[in-house]
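Listed here are the chains, written in short residue letters.
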Amino acid sequence: MRVLVATDRSNGVEPGDYTHCVEGELVYMQEPCASDLKNPDGPCGCGRGFAGMSSHRATTTALVTDSDLGREEIREALRSSLEAGGWLDPTICTADLAEAMVEESLHDVFRVAEHFPAGSVVRRRLSQYFVGSTPR
Ligand SMILES: [Zn+2]
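Residues numbered from 1 in each chain as written. Predicted model: local features only at pLDDT ≥ 70, side-chain atom pairs only at ≥ 80, totals over all residues. Heavy atoms only, no water.

Chemist: Teacher, can you tell me more about the coordination of the zinc ion here?
Modeler: Each pair of donors in an ideal four-coordinate tetrahedral metal site encloses 109.5 degrees, whereas pairs in an ideal six-coordinate octahedral site enclose 90 or 180 degrees. Protein ligation of the zinc ion involves C33 (SG), C44 (SG) and C46 (SG), the donor distances falling in the range 2.1 to 2.2 Å. Mapping the donors of the zinc ion onto the primary sequence gives the spacing C-x10-C-x1-C. Of this pair, C33 sits in the loop between β2 (27–28) and α1 (34–38) while C44 sits in the loop between α1 and β3 (50–52), placing them 11 residues apart in sequence. For C33, a relative accessible area of 29% translates into the label partly exposed. (Donors = N, O, S within 2.8 Å, 3.2 Å for Na, K, Ca; no water. Helix = DSSP H or I, 4+ residues; strand = E, 2+ residues; numbered from the N terminus. Buried < 20%, exposed > 50% of the residue type's maximum accessible area, 1.4 Å probe, protein only.)

In structure tokens form, the structure reads like this:
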């Protein structure tokens, strides 16, 4: 499957770039917070970031990669990450909601990863994804 992984490639060329992930780890996109919904170039940065499934850290650059991992392996990596992050806690989230959250996040990753050729470094502004400089 084509996936998104954290990369330092070209990270730092855009204002507001940051890279705290482990190079090559699977990443996904989280819902931006209220602050970033108003200004994804603001100090939080979640609206321009990709979340590392293993490190639980984030980066502004993701590499599109053809992976040997299958859909179910990637799904399990994402589900485990969300669970470890407390997002699927059964005291705040029903099993159906947890399932929907995993599927939606997985769908978003595949939608973006399939849109760009392997080797592309993708950036993000909220739900906009692009290669190259930030559209201003
Ligand atoms: Zn935020």
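Chemist: Explanation requested: the nonpolar core in the structure shown.
Modeler: Across soluble globular proteins, nonpolar side chains show a tendency to be buried alongside one another. L4 and F50 are the most contacted members of the largest nonpolar core, which has 31 residues in total. Of all elements in the fold, only β1 (2–6), β2, β3, β5 (62–66), α2 (71–84), α3 (95–115) and β6 (121–125) reach the threshold of two or more residues within this core. The element best represented in this core is α3, accounting for seven residues. (Core = buried A, V, L, I, M, F, W, Y, C linked by side-chain atoms within 4.5 Å.)

Chemist: Explain the pattern of salt bridges here, please?
Modeler: Pairing is possible between side chains of opposite charge, provided their charged atoms come close. As enumerated under the stated definition, the model contains 10 salt bridges in all. Put simply, D41 and R125 hold a salt bridge, and the shortest N to O gap is 2.8 Å. Within this pair, whereas D41 is found in the loop between α1 and β3, its partner R125 is found in strand β6, the two being separated by 84 residues in sequence. When its relative accessible area of 10% is taken as the criterion, R125 is described as buried. The closest approach of N and O atoms between R71 and E72, which form a salt bridge, is 3.3 Å. We classify R71 as partly exposed; its relative accessible area is 33%. Sharing partners across several salt bridges, the network here consists of R71, E72, R75, E99 and E103. (Salt bridge = Lys/Arg side-chain N within 4 Å of Asp/Glu carboxyl O.)

Chemist: In this structure, what is going on with α2? I would like to understand it.
Modeler: An α-helical turn contains 3.6 residues, so any two residues separated by three or four positions project in the same direction. Given a rise of 1.5 Å per residue, 14 residues ought to cover 20 Å, and the 20 Å separating the end C-alpha atoms of α2 matches this to within 8%. Summarising the contacts, the buried residues of α2 are in contact with β1, β2, β3 and α3. Positive phi appears at G86, one or two residues downstream of α2, with a value of about 85°. (Expected span 1.5 Å × (residues − 1). Contact = heavy atoms within 4.5 Å.)

Chemist: Help me understand the environment of M101, please; the structure alone is not making it clear to me.
Modeler: With respect to the helices and strands, M101 occurs in helix α3. On the accessibility criterion, M101 (26% relative accessible area) is partly exposed. With 19 residues separating them along the chain, M101 and L82 place their C-alpha atoms 8.9 Å apart. Among residues more than four places away in sequence, those in contact with M101 are L82, W87, L88 and C93.

Without other data, these values stay purely geometric and don't point to any function.
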